[in-house]
Amino acid sequence: MQTLLTLFRDLFSRAIKQAFPAEFIESDLIEITPSTSEKFGHYQCNSAMKLAKMLQQPPRAVAQAIVTHLEHLPSVSEWVEKLEIAGPGFINMTVRAEYLAQRVNSMLHEPYFDLTRSEKKEKIVVDFSSPNVAKEMHVGHLRSTVIGDSLCRLFEFYGDDVLRLNHLGDWGTAFGMLIAYMKEEHADVLKGTRTCELSELMEWYKASKKRFDEDEEFKKRSQLEVVALQSGEPDSQAAWNKIVDISRRAYCQIYQLLDVKIIDRGESFYNPLLKALVHDLDVKGLVTISDGAKCVYLEGFKNREGELLPLMVQKSDGGFNYDTTDLAALRQRVDEEKADRLIYVTDQGQGNHFAMIFKAGENAGYVDPKKVRLDHVGFGLVLGADGKKFKTRSGEVEKLIDLLTTAISHAKKIISERTPELSAEEQEKNAIVLGINAVKYADLSCNRHHDYVFSYDKMLRFEGNTASFLLYAYVRILSIKRRVAVPESVLAETAIVLTHPSEINLALHLCRFGETLEQMKQDLLPNHLTDYLYNLAEYFNAFFRDCRVEGSPEQNSRWLLCDLTARLIQQGFDILGLKTLERM
Ligand code: ARG
């Protein structure tokens, strides 16, 4: 089904093209937006003012000409209730309630509601989460994981072919240090006679760094380890595998808790491609030697002093780094994965890195940005109550696992107060849902470009724009549906009819689901969907306050409105990676 917004954009576009000479009609001229307030109708067209300037005609007269042509288009009277010119030339449009009813009735039977799925299944590579081996995941990885997963879920809903990649930081000279240290101090772990936790690995990592800086002999041994590892020496390889395994176990625990699916394909995966990559860049004349290192300089990328910034593809000691791997990954994803779209979800601080990778990839002929859409999906910081970067009380970086378990234990307290009648097992299950939903929703509902303040109390509230508020609305609708219990056979004969203004408002909002997803797909901002769901719950509450369901003459039609609302909340939750409950 075409969304309401595209339907009206097409109509306005046709009317404007009929009314005015083609040379005045640029692609960005047609501007239709949902109205900001009920008194301006449902949708608003702002094109008359711009057009008037170009034509040097009075804007209201231009608006009138658009309206007259629009009114004469076929079927318009079936869709449009009222067209009004307001202020300097805004055109306000109200959709017919009968047409909204027709749309929500079809949405009841469509598995994708009012969304038009991708015509051509696109291959979309999403690079997200991507923690670093031998280090704990932190809140920055939370944002990447939660936002990335939600974008994957969105594309999957569209029917695209999504490759979810975990670009683990699992390669580099630091591993030489850690392996050398563990061979000396913790050989039992490397041999597998004792297992250890990621937190221990992290301690050893710090200790090995210290020793590296202080002890020349150790430094040499570490460097030899790197060479051994990179040449595939079995002992070093086995030690490296062990380290990756221990780290992976910790990440998997988090992914399980967050219900996130992802394929591990770390930096090491691209190792065999790096030499040939640098050679290719060299042959293409893109490499400049600077202090012995091989660098790619790109026009327009400068530091504060106005000097060109390098993308360093090979260090002076011959080693490769983050830049090399990312360039190799881009090439592999286009060439072998046949990606139509590449998405990278990391903190905003890496924006420049990716802009440079994209540009270098283009210059080297690895990607044509006209054919493959490239997006760096950046995000802001997670802040503590003090407005500074989120830390533990002792000033250390908070481990993600601790943060999640704390959210769950806060939720458990709330659950035991609200529903003491539930079994302990059920309370536990609900606490996980409530706690994880809260953390995810708080992140997704904040425009990702902004920082946000992390607060367990705020995110777990049952009022305001929170997951718990939405979940409560959802559970309430389910209980209404159960109580009214209209038989299937009756429902099959029932169509939604809209009369009360609160019913119409709710239906209009239900009809904006596809429109919202379209927008999220364009700018990759999940907060479009959280805002949509929050408003949906508000429209539903107004409807339920104003319109009696049980025992009213409109009961069965209203039951169907409840049903569609609940299903859209459920679907929206699913795209955000949140879980619903049947009772609470
Ligand atoms: N490991 C990096 C970090 O923790 C993120 C990697 C992001 N993906 C990429 N292709 N560079 O910051």
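Everything here concerns the structure above.
Here the structure is a predicted model, which means the values were calculated and not measured.

A.B. asks: Explain the overall build of the protein to me, please; I cannot follow it from the model alone.
C.D. replies: Per the secondary structure count, the protein includes 23 helices and 14 strands. Looking at the protein residue by residue over its 584 residues, the buried ones come to 52%. A fraction of 74% describes how many contacts in the protein between residues 6 or more apart in sequence connect residues 24 or more apart. In the structure as shown, the protein presents an accessible area of about 26,900 Å², 50% of it carried by carbon and sulfur atoms. Both charge centroids of the protein, one from 72 positive and one from 84 negative side chains, sit 1 Å from each other.

A.B. asks: Looking at this model, I keep getting lost on the nonpolar core. Mind explaining?
C.D. replies: Generally speaking, soluble globular proteins have nonpolar side chains that are buried together. Membership of the largest hydrophobic core comes to 167 residues, with the highest contact counts inside it found for Phe-8, Phe-12, Ile-66, Leu-201, Leu-403 and Phe-513. In contact with Phe-12, not counting residues within four places along its chain, are Ile-30, Ile-32, Cys-45, Ile-66, Leu-70, Leu-83, Ile-91 and Met-93. One finds Leu-281, Val-313, Ala-339 and Val-372 within the second-largest nonpolar core, a separate group that totals 32 residues.

A.B. asks: What's the story with the sheet that holds strand 2 (residues 43-45) in this structure? I'm lost.
C.D. replies: Pairing within the open sheet is antiparallel, and its four strands lie in the order 1-2-4-3. Of all the strands in the sheet, just strand 1 (32-34) and strand 3 (80-86) have a single pairing partner and so form its edges. Between one strand and the next, the sheet's axes are offset by a mean angle of 25 degrees, whatever the strand orientation. Pairing analysis gives three bridges linking strand 2 to strand 4 (residues 90-95), with the strands arranged antiparallel. The residue of strand 4 that forms the bridge with Gln-44 is Asn-92. Along the sheet, helix 3 (residues 59-71) contacts strand 3 and strand 4; its crossing angle with strand 3, the most-contacted strand, is approximately 170 degrees.

A.B. asks: Before we go on, may I ask you to explain the side chain of Thr-516 in this structure?
C.D. replies: Summarising the element assignment, Thr-516 is placed in helix 21 (residues 513-523). For Thr-516, the contacting residues outside a window of four places in its chain are His-528, Leu-529 and Tyr-532.

A.B. asks: When you look at the environment of Lys-53 in this model, what are you seeing that I'm missing?
C.D. replies: Residue position: Lys-53 is located in helix 2 (residues 47-55). Spatially, the C-alpha atom of Lys-53 lies 55 Å from that of Leu-400, the residues being 347 residues apart in sequence.

A.B. asks: So what exactly am I meant to see when it comes to the sheet that holds strand 10 (residues 308-314) here?
C.D. replies: Sheet strands pair by backbone hydrogen bonding; their relative direction is either parallel or antiparallel. With antiparallel pairing, three strands are arranged side by side in an open sheet as 8-9-10. The sheet terminates laterally at strand 8 (287-290) and strand 10, the two strands that pair on one side only. Going from strand to strand, the sheet's axes swing by 50 degrees on average, the running direction of each strand aside. Pairing geometry for strand 8 and strand 9 (residues 293-302), over four bridges, is antiparallel. Its bridge partner lying in strand 9, Ile-289 is registered against Lys-294. Of the strands in this sheet, strand 9 and strand 10 are in contact with helix 14 (residues 351-363), which crosses strand 9 at around 105 degrees.

A.B. asks: Just to check I follow, could you spell out the site of the ligand for this structure?
C.D. replies: Neighbouring the ligand are Asp-127, Ser-130, Asn-132, His-141, His-167, Tyr-322, Asp-326, Tyr-344, Thr-346, Gln-350 and Phe-354. Burial of the ligand by the surrounding chains reaches 89%, relative to a free accessible area of 350 Å². Broken down by secondary-structure element, the contributors of at least two residues to the shell around the ligand are helix 13 (322-335) and strand 11 (341-347). Each residue belonging to the shell around the ligand can be placed in one class, and the counts come to three nonpolar, six polar and two charged.

A.B. asks: Looking at this structure, how should I read helix 21?
C.D. replies: Two residues of an α-helix separated by three or four positions point the same way, owing to the 3.6 residues in each turn. Residues of helix 21 that are buried: Phe-513, Gly-514, Glu-515, Thr-516, Leu-517, Met-520 and Lys-521. Leu-524, located one to two residues past helix 21, shows a positive phi value of around 55 degrees.

A.B. asks: Is there a simple way to explain the side chain of Ser-236 in this structure?
C.D. replies: Position of Ser-236 among the secondary structure elements: in helix 11 (residues 234-258). At 2.9 Å, the side chain of Ser-236 and the side chain of Glu-233 are in polar contact.

A.B. asks: Just checking my understanding: could you explain the pattern of salt bridges for this structure?
C.D. replies: Oppositely charged side chains may form a pair once their charged atoms are brought near each other. In the structure shown here, the tally under the stated rule is 41 salt bridges. For Arg-194, the salt bridge identified is with Asp-188, shortest N-O distance 3.2 Å. Here Arg-194 falls in the partly exposed class, since its relative accessible area comes to 31%. The shortest N-O distance in the salt bridge between Arg-331 and Asp-280 comes to 3.7 Å. Of this pair, Arg-331 sits in helix 13 while Asp-280 sits in helix 12 (residues 271-283); the two residues are 51 residues apart in sequence, bridging distant segments of the chain. Judged by relative accessible area, Arg-331 falls into the partly exposed class, the value being 24%. Put simply, Asp-149, Arg-153, Glu-156, Arg-164, Asp-259, Lys-261, Asp-574 and Lys-579 are held in one network by salt bridges that share partners.

A.B. asks: Even after reading the chapter, I still don't get helix 22 (residues 527-546), so can you show me in this structure?
C.D. replies: Helix length check: helix 22, at 20 residues, gives a terminal C-alpha distance of 28 Å against a target of 28 Å (1.5 Å per residue), a fit within 8%. Among the residues of helix 22, those classed as buried are Asn-527, His-528, Leu-529, Thr-530, Tyr-532, Leu-533, Leu-536, Ala-537, Phe-540, Ala-542 and Phe-543.

A.B. asks: Please explain the environment of Ile-436 as it appears in this structure.
C.D. replies: Its location among the elements puts Ile-436 in helix 16 (residues 424-444). With a relative accessible area of 6%, Ile-436 lands in the buried category. For the pair Ile-436 and Leu-578, spaced 142 residues apart in sequence, the C-alpha to C-alpha distance is 7.9 Å. Residues within four places of Ile-436 in sequence aside, it is in contact with Leu-257, Leu-258, Leu-404 and Ile-408.

A.B. asks: How do you make sense of the packing of aromatic side chains when you look at a structure like this?
C.D. replies: Note on aromatic pairs: each is described by the distance of the centres and the angle between the planes. This model, assessed by the stated rule, comprises 16 aromatic pairs. Taken together, a centroid distance of 5.7 Å and an interplanar angle of 55 degrees make the contact between Phe-513 and Tyr-532 tilted. With Phe-513 in helix 21 and Tyr-532 in helix 22, the pair connects residues that are 19 residues apart, well separated along the chain. Residue Phe-513 shares its accessibility class with Tyr-532, and that shared class is buried. A network of ring pairs unites the aromatic residues Phe-113, Phe-513 and Tyr-532 as a single cluster. Over the aromatic face of Phe-462 sits the side chain of Arg-418, whose NZ or CZ is 3.7 Å from the ring centroid. Positioned above the aromatic ring of Tyr-43, the side-chain terminus of Arg-512 is 4.7 Å from the ring centre.

Cut-offs used in this document
- Residues numbered from 1 in each chain as written.
- Predicted model: local features only at pLDDT ≥ 70, side-chain atom pairs only at ≥ 80, totals over all residues.
- Heavy atoms only, no water.
- Helix = DSSP H or I, 4+ residues; strand = E, 2+ residues; numbered from the N terminus.
- Buried < 20%, exposed > 50% of the residue type's maximum accessible area, 1.4 Å probe, protein only.
- Contact = heavy atoms within 4.5 Å.
- Areas by Shrake-Rupley, 256 points an atom, 1.4 Å probe, with all protein chains shown as cover.
- Lys, Arg positive; Asp, Glu negative; His and termini not counted.
- Charge placed at Lys NZ, Arg CZ, Asp CG, Glu CD.
- Core = buried A, V, L, I, M, F, W, Y, C linked by side-chain atoms within 4.5 Å.
- Pairing = 2+ DSSP bridges.
- Axes fitted to C-alpha atoms, helices over the stretch in contact; angles between N-to-C directions.
- Near = heavy atom within 4 Å.
- Nonpolar A, V, L, I, M, F, W, Y, C, P; charged D, E, K, R; others polar.
- Polar contact = N/O pair within 3.5 Å; in protein donor to acceptor, adjacent residues only side chain to side chain.
- Salt bridge = Lys/Arg side-chain N within 4 Å of Asp/Glu carboxyl O.
- Expected span 1.5 Å × (residues − 1).
- Phe/Tyr/Trp six-rings, centres within 6.5 Å; stacked < 30°, edge-to-face > 60°.
- Lys NZ or Arg CZ within 6 Å of the ring centre and 35° of its normal.

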